[in-house]
Amino acid sequence: MRYFYLLFSFYKDFYKIAVVSENAIDETDRHILMHLRTNGRLSMSELAKLVGMSAPSVKDRVRRLEDRGIIRKFTVDIDTKALGYSLEAIVRIKPRPGNLHRVEKMIIDEPRFTSCDKVTGDDCFISRLALKSIDELDKLLDPFHEKAETNTSIVKSSPVRNRPPAS
């Protein structure tokens, strides 16, 4: 259940009312998240220096961000190019009638799919596929063609990736 708080402030004979969600974060929390997103291995003392606070205060804030579900986990950002996967493809997949669950299982079972979203619209899945060369594309997608239609685009660059939303 989400709770909302009304904040009142008096300004030149007028009351200003703002609705603040329980998951609202302040500017300090934003700075903490930005630095952790850039380097999740920062020590609390290093993070404290970057945001201008004491290490215990920063540790407290990070713990609260975790408790509130804003920080779900700390993870590793793997450079697939360094592993030999020089290409990435975005594959839109539209299962044929009666094949939704089979296609979903095929995507889950193929480790070269690095991410997949089930979406609304014409396509049911939008996924990312790691490739060592363009020659691999047909071999990886051929098993899908009996059960789904695919539409593939090769990624040239990713100007924005995994950016948290601005508030």
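Note: the structure precedes this text.
From a predicted model like this one, the values you see are computed outputs, not experimental measurements.

> Lay out the sheet that holds strand 4 (residues 113-118) in plain terms, naming residues and giving numbers.
If you trace the 4 strands from one edge of the open sheet to the other, you get 4-5-3-6, paired in antiparallel fashion. Two strands in the sheet have a free side with no partner beyond their single neighbour: strand 4 and strand 6 (148-154). Adjacent strand axes in the sheet meet at a mean angle of 20°, parallel and antiparallel pairs treated alike. Of the strand pairs in this sheet, strand 4 and strand 5 (residues 125-131) are connected by 5 bridges, and their pairing is antiparallel. Each bridged residue has a counterpart across the sheet, and for Cys116 the counterpart in strand 5 is Ser127.

> Explain the packing of aromatic side chains residue by residue, including any values.
Two numbers describe a pair of aromatic rings. These are the distance of the centres and the angle of the planes. In this structure the tally under the stated criterion is 1 aromatic pair. In this structure, Lys132 is placed above the aromatic ring of Tyr85, and the distance from its NZ or CZ to the ring centre is 5.2 Å.

> Please set out a nonpolar patch on the surface residue by residue, giving values where relevant.
A grouping of Val76, Ile78 and Leu83 is seen on the molecular surface, where their side chains present a nonpolar patch of about 330 Å² in accessible area. As for its placement among the helices and strands, Val76 is situated in the loop between helix 3 (55-67) and strand 3 (87-95). Relative accessible area serves as the criterion here: at 65%, Val76 is assigned to the exposed category.

> Could you give an account of the pattern of salt bridges, with specific residues and numbers?
All chains considered together, the criterion is met by 12 salt bridges. The closest approach of N and O atoms between Glu136 and Arg112, which form a salt bridge, is 2.5 Å. One end of the pair, Glu136, is in helix 5 (residues 136-141); the other, Arg112, is in the loop between helix 4 (100-109) and strand 4, and 24 residues separate them in sequence. Here Glu136 matches Arg112 in class, with each residue buried. Each of the salt bridges in this network shares a partner with another, and the network as a whole consists of Asp26, Asp29 and Arg61.

> Can you lay out the environment of Val119 for me, pointing to particular residues and giving the numbers?
Among the secondary structure elements, Val119 is positioned in the loop between strand 4 and strand 5. Separated by 27 residues in sequence, Val119 and Arg92 have C-alpha atoms that sit 9.9 Å apart. The residues contacting Val119, other than those within four sequence positions of it, are Cys124, Phe125 and Ile126.

> I'd like a description of the side chain of Arg61, backed by residues and values.
Structurally, Arg61 can be placed in helix 3. Within the structure, the side chain of Arg61 is placed 3.0 Å from the side chain of Asp26, a separation counted as a polar contact. Apart from the residues within four sequence positions on either side, Arg61 is in contact with Asp26, Thr28, Asp29, Ile32 and Met53.

> Help me get a handle on the packing of helix 2 (residues 44-51) against helix 3, residues and values and all.
Between helix 2 and helix 3, the shortest axis-to-axis distance is 8 Å and the interhelical angle comes to 100°. Our classification of the angle between helix 2 and helix 3 gives roughly perpendicular. Residues Met44, Ser45, Leu47, Ala48 and Val51 of helix 2 form the contact with helix 3, whose participating residues are Ala55, Val58, Lys59 and Val62. Of the residues contributing to the contact of helix 2 with helix 3, the split by class is 7 nonpolar, 1 polar and 1 charged.

> Run through helix 3, naming residues and quoting values.
Between the first and last C-alpha of helix 3 there are 18 Å, a value that for 13 residues agrees with the 18 Å anticipated at 1.5 Å per step. Of all the positions in helix 3, only Val58, Arg61, Val62 and Leu65 are classed as buried. Along helix 3, the residues classed as buried sweep out an arc of 100° about the axis, all on the same side. Exposed and oriented more than 90 degrees from the buried face of helix 3 are Pro56, Lys59 and Asp67. In this structure, the buried side of helix 3 is in contact with helix 1 (27-38) and helix 2. Backbone geometry just downstream of helix 3 places Gly69 in the positive-phi region, at approximately 80°.

Criteria and cut-off values
Residues numbered from 1 in each chain as written. Predicted model: local features only at pLDDT ≥ 70, side-chain atom pairs only at ≥ 80, totals over all residues. Heavy atoms only, no water. Pairing = 2+ DSSP bridges. Helix = DSSP H or I, 4+ residues; strand = E, 2+ residues; numbered from the N terminus. Axes fitted to C-alpha atoms, helices over the stretch in contact; angles between N-to-C directions. Phe/Tyr/Trp six-rings, centres within 6.5 Å; stacked < 30°, edge-to-face > 60°. Lys NZ or Arg CZ within 6 Å of the ring centre and 35° of its normal. Patch = residues over 30% accessible without salt bridge, like charges linked within 9 Å, V, L, I, M, F, W, Y side chains within 5 Å. Areas by Shrake-Rupley, 256 points an atom, 1.4 Å probe, with all protein chains shown as cover. Salt bridge = Lys/Arg side-chain N within 4 Å of Asp/Glu carboxyl O. Buried < 20%, exposed > 50% of the residue type's maximum accessible area, 1.4 Å probe, protein only. Contact = heavy atoms within 4.5 Å. Polar contact = N/O pair within 3.5 Å; in protein donor to acceptor, adjacent residues only side chain to side chain. Parallel < 35°, antiparallel > 145°, perpendicular 65-115°, else oblique. Nonpolar A, V, L, I, M, F, W, Y, C, P; charged D, E, K, R; others polar. Expected span 1.5 Å × (residues − 1). Arc of directions from axis to C-beta.

The values reported here are purely geometric and, on their own, carry no functional implication.
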